[in-house]
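What the coordinates show
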Amino acid sequence: MRHLAYLFVLGGCLVAALWLEPVLKVGVLRRWRRLLLTLLPVVVVFVLWDLAAIAAGHWTFDPAQTTGILLPGGLPLDEVLFFVVVPVCAVLGFEAVRVVLRRPAGDE
Amino acid sequence: MSYTVAALLGVAGALAVDLAVLRTRLVTRAVFWATYPLIVTFQLLSNGILTGRRIVTYDPDAIIGWRLVYAPVEDLLFGFALVLLTLSIWVWLGRRGPVRPLGGWPRRRVPAARTGLPRRGPPPPTPTARTRSGR
């Protein structure tokens with residue numbers, strides 16, 4: 001189970017944010033094409049940053065607490081999922097705040 | 001290049017995208033700054049676990065050494081860049097995409113108490129469209 005530690009953290013983030021979709025009706029997952037198009041460049045940019053940081057030795061991952069699935073460049077799958085989960089949670093939070101505050105975000 | 005410098009460049013890059021490239025100007029909007037503290041709270045929590053449990057460890061020579069809930073302060077900059085870039089692209093796509101009906105917005109006001117968010121004074125006078133009854 002210990003190798004799922006990173007995934008549990010990501011799961012916790014999703015649990016904390018996904019309820020916003022049905023409860024506040026933020027419509028983020030409903031607009032899944034827009035969400036995917038948002039994720040694509042973000043994942044590319046941050047995976048490149050991560051690969052450069054790993055190559056430069058800025059940070060390392062504990063093999064015992066990650067899935068052990070490594071992508072080229074030594075990038076754990078867990079870390080790639082981080083760049084999917086965190087943006088999804090951020091958009092959910094943003095749209096939820098918008099629903100509550102009713103303030104413009106620039107795409108109305 | 002240290003993580004410190006890379007993180008500062010990341011923030012600069014995200015700001016450039018938001019202000020100059022996509023011109024979404026989220027950093028000038030209240031809705032962004034109302035969202036960000038919520039995101040930072042969850043970031044400190046999740047990042048604190050990732051660094052506190054040493055799932056991720058940092059080279060001491062790559063960071064300035066200041067830490068917040070176990071995580072190097074650079075992670076705050078990294079997170080800010082990640083979130084700002086994400087939201088800028090999201091809003092930009094919404095601006096360019098097909099006209100979206102406001103169907104995703106609830107017709108009734110969500111009580112602030114339920115969300116734990118600070119209530120910002122009395123609600124603005126709502127124009128006809130949203131308060132129209134009998135639709």
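Coordinates for the structure precede this section.
What you see is a predicted model, and the numbers here were worked out from it, not measured in a lab. (Residues numbered from 1 in each chain as written. Chains lettered and ligands numbered in written order. Predicted model: local features only at pLDDT ≥ 70, side-chain atom pairs only at ≥ 80, totals over all residues.)

So, on to the overall build of chain A. When helices and strands are counted, chain A shows 4 helices and 3 strands. Projected onto its principal axes, the C-alpha positions of chain A cover 45 × 30 × 20 Å. Of all 108 residues assigned to chain A, the portion counted as buried reaches 42%. Sequence-distant contacts in chain A: of pairs separated by 6 or more residues, those separated by 24 or more amount to 70%. (Helix = DSSP H or I, 4+ residues; strand = E, 2+ residues; numbered from the N terminus. Buried ≥ 20, exposed ≤ 12 C-beta atoms within 10 Å, placed from the backbone. Contact = placed C-beta atoms within 7 Å.)

Judged by nonpolar contacts, the single largest core of 58 residues is most densely connected at Leu92 of chain A together with Leu87 of chain B. Only α1 (5-18), α3 (32-56), β1 (59-61) and α4 (77-101) of chain A together with α1 (3-21), α2 (30-52), β1 (56-58) and α3 (74-96) of chain B provide two or more residues apiece to this core. The leading source of residues in this core is α4 of chain A, at 14 residues. With sequence-adjacent residues up to four places away left out, leucine 92 of chain A is seen in contact with Ala17, Leu20, Glu21, Val26 and Val28 of chain A. (Core = buried A, V, L, I, M, F, W, Y, C linked by C-beta atoms within 7 Å.)

Assignment of secondary structure puts proline 72 of chain A in the loop between β2 (70-71) and β3 (75-76). Residues proline 72 of chain A and glutamate 108 of chain A, spaced 36 residues apart in sequence, show a C-alpha to C-alpha distance of 41 Å.

With 45 residues of chain B at the contact, the number on the chain A side is 42 residues. Counting residues per element, the side of chain B that touches chain A draws most heavily on α3 of chain B, which supplies 11 residues. Residues that form the side of chain B that touches chain A fall into these classes: 28 nonpolar, 10 polar and 7 charged. (Nonpolar A, V, L, I, M, F, W, Y, C, P; charged D, E, K, R; others polar.)

Every α-helix winds through 3.6 residues per turn, so residues three or four apart in the chain are directed the same way. Those residues of α1 of chain B not exposed but buried are Tyr3, Ala7, Gly10, Ala14, Val17 and Asp18 of chain B. Within α1 of chain B, the buried residues cover an arc of 90 degrees as seen down the axis, which keeps them to one side. Facing away from the buried side of α1 of chain B by more than 90 degrees, the exposed set consists of Val5, Ala12, Ala16, Ala20 and Val21 of chain B. Of the surrounding elements, those touching the buried residues of α1 of chain B are α3 of chain A together with β1 and α3 of chain B. (Arc of directions from axis to C-beta.)

Take it as geometry only, folks, not as evidence of what the structure does.
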